[in-house]
Amino acid sequence: MSRLIPSGEVARRLGIKTQTLAKWRCEHRGPQGWIHLSATRCVYPEEAVEAFIRRLSEQRPEFNLPSPSRPKIVAGVME
């Protein structure tokens, strides 16, 4: 079995807040296999965290940005 990592450390590795990680748990997102140890403590298997980070790094971001429009120039004045 892999080492268990506290949720605070997982959030730090992912670059997110612990509250975001808690929200992801409720939404069944993020690293899987987490274990609630108490009402305030949750841990993740290190292998699951590393696999999640690998999946994130393999995804290419998609940006749906509008193409930049060029300003109109009328009689030497930009509109």
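Cut-off values and rules
- Residues numbered from 1 in each chain as written.
- Predicted model: local features only at pLDDT ≥ 70, side-chain atom pairs only at ≥ 80, totals over all residues.
- Heavy atoms only, no water.
- Salt bridge = Lys/Arg side-chain N within 4 Å of Asp/Glu carboxyl O.
- Helix = DSSP H or I, 4+ residues; strand = E, 2+ residues; numbered from the N terminus.
- Buried < 20%, exposed > 50% of the residue type's maximum accessible area, 1.4 Å probe, protein only.
- Core = buried A, V, L, I, M, F, W, Y, C linked by side-chain atoms within 4.5 Å.
- Contact = heavy atoms within 4.5 Å.
- Arc of directions from axis to C-beta.
- Phe/Tyr/Trp six-rings, centres within 6.5 Å; stacked < 30°, edge-to-face > 60°.
- Lys NZ or Arg CZ within 6 Å of the ring centre and 35° of its normal.

Can you help me understand the pattern of salt bridges in this one?
Here the idea is simple: oppositely charged side chains can pair when their charged atoms come close. Going through the model one piece at a time under the given rule, you end up with 5 salt bridges. The shortest N-O distance in the salt bridge between Glu9 and Arg12 comes to 2.7 Å. You can see Glu9 and its partner Arg12 sitting in helix H1 (residues 7-14), 3 residues apart, about one turn around the helix. The class of Arg12 is exposed, set by a relative accessible area of 57%. Assessed through its relative accessible area of 25%, Glu9 is described here as partly exposed. Here the residues in one salt-bridge network are Arg3, Glu9, Arg12, Arg13 and Glu46, joined through shared partners.

Is there a simple way to explain the nonpolar core in this structure?
One broad trend across soluble globular proteins is that nonpolar side chains are buried collectively. Membership of the largest hydrophobic core is limited to 10 residues, which are Ile5, Val10, Ala11, Leu14, Leu21, Trp24, Cys42, Tyr44, Val49 and Phe52. Listing elements by their share of this core, those giving two or more residues are H1, helix H2 (18-26), strand E3 (42-45) and helix H3 (46-58). No other element matches the 3 residues that H1 contributes to this core. Apart from the residues within four sequence positions on either side, Tyr44 is in contact with Arg3, Leu4, Ile5, Ser7, Val10, Leu21, Arg25, Pro31, Trp34 and Val49.

Explain H2 here, please?
Because each turn of an α-helix spans 3.6 residues, side chains separated by three or four positions end up pointing in the same direction. Where H2 is concerned, the buried positions are Leu21, Trp24 and Arg25. Seen along its axis, H2 keeps its buried residues to an arc of 105 degrees; they face one direction. Counted as exposed and oriented over 90 degrees from the buried face of H2: Gln19 and Cys26. At its buried positions, H2 is contacted by H1, strand E2 (35-36), E3 and H3. Positive phi appears at His28, one or two residues downstream of H2, with a value of about 60 degrees.

Please clarify how the packing of aromatic side chains should be interpreted in this entry.
In this description, a pair of aromatic rings is defined by centroid distance and the angle of the planes. As enumerated under the stated definition, the model contains 1 aromatic pair in all. A cation over an aromatic ring shows up here: Arg25 above the ring of Trp34, its NZ or CZ 6.0 Å from the ring centre.

Treat this as a map of the structure, not an account of what it does.
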